[in-house]
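# Architecture and fold: a report
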Amino acid sequence: MISKTMQDAINEQINKEMFSSYLYLSMAAYFEGDNLSGFGNWLHIQAHEENEHAMKLYSYLLERGGKVELKGIAAPQTSWASAMEAVKEVQKHEQYVTKSIHDLYEVALTEKDYATQVFLHWFIAEQVEEEANAAAILESMERIEAHNTAILMLDHNLAKRKAD
Ligand code: MG
């Protein structure tokens, strides 16, 4: 049986993953409304992945005999000053999620919850990938900042991105 402290911390992470999904969906809508459908496609996939992260935690908590307690999801921002600002926020948000996964791991260490420690290894590795992806897209954008044609080419590339 999972401890109440561990259960509460996992429920909090479920909420954070759901908020991430909501935030990226809001960004997808922002980009699609701005006719940057490639960015929209990328963020749609990201939104779906965040939902899957929440569901992984959800299933794990139930498997451990814990209680899933869904909380209200905060309303995300609906517009950004520019495509660059939105992508910067993706990066900042992923850094925040990485920290929250690490904090969750700390709880598993304190609780001596070995099963949860092993379970969280996947999330720790996933965050390395999420941060690297955001950094790579941001870097491409910084290189081509002044060139709208190149932004459109990047949009075209992102349109080809498929769900894993
Ligand atoms: Mg996530």
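Rules used in this analysis
- Residues numbered from 1 in each chain as written.
- Predicted model: local features only at pLDDT ≥ 70, side-chain atom pairs only at ≥ 80, totals over all residues.
- Heavy atoms only, no water.
- Helix = DSSP H or I, 4+ residues; strand = E, 2+ residues; numbered from the N terminus.
- Buried < 20%, exposed > 50% of the residue type's maximum accessible area, 1.4 Å probe, protein only.
- Contact = heavy atoms within 4.5 Å.
- Areas by Shrake-Rupley, 256 points an atom, 1.4 Å probe, with all protein chains shown as cover.
- Lys, Arg positive; Asp, Glu negative; His and termini not counted.
- Charge placed at Lys NZ, Arg CZ, Asp CG, Glu CD.
- Donors = N, O, S within 2.8 Å, 3.2 Å for Na, K, Ca; no water.

### Notes on the overall build of the protein chain
Broken down by element type, the protein chain carries five helices and zero strands. Walking the protein chain from its N terminus toward its C terminus, one meets helices and strands in the order α-α-α-α-α. Structurally, the protein chain occupies a C-alpha span of about 55 × 25 × 25 Å along its principal axes. Taken across its 164 residues, the protein chain has 45% of its residues classed as buried. Partitioning the intrachain contacts of the protein chain with sequence separation of at least 6 by distance along the chain shows that 81% fall at a separation of at least 24. Total accessible area on the protein chain is roughly 8,900 Å²; 55% of this is exposed by carbon and sulfur atoms. For the protein chain, the centre of its 14 positive side-chain charges and the centre of its 26 negative side-chain charges are spaced 3 Å apart.

### Notes on the coordination of the magnesium ion
At the metal site, the magnesium ion is ligated by E17 (OE), E50 (OE) and H53 (ND1), and these contacts range over 2.0 to 2.2 Å. Mapped onto the sequence, the residues coordinating the magnesium ion show the spacing E-x32-E-x2-H. Taken together, the positions of E17 in helix α1 (residues 4–33) and H53 in helix α2 (residues 37–63) put the pair 36 residues apart, joining distant regions of the chain. For the residue pair E17 and H53, the accessibility class agrees, reading buried in each case.

### Some thoughts on the environment of V128
One can find V128 in helix α4 (residues 114–143). For V128, a relative accessible area of 59% gives the class exposed. Residues V128 and K160, 32 residues apart in the sequence, show an inter-C-alpha distance of 23 Å.

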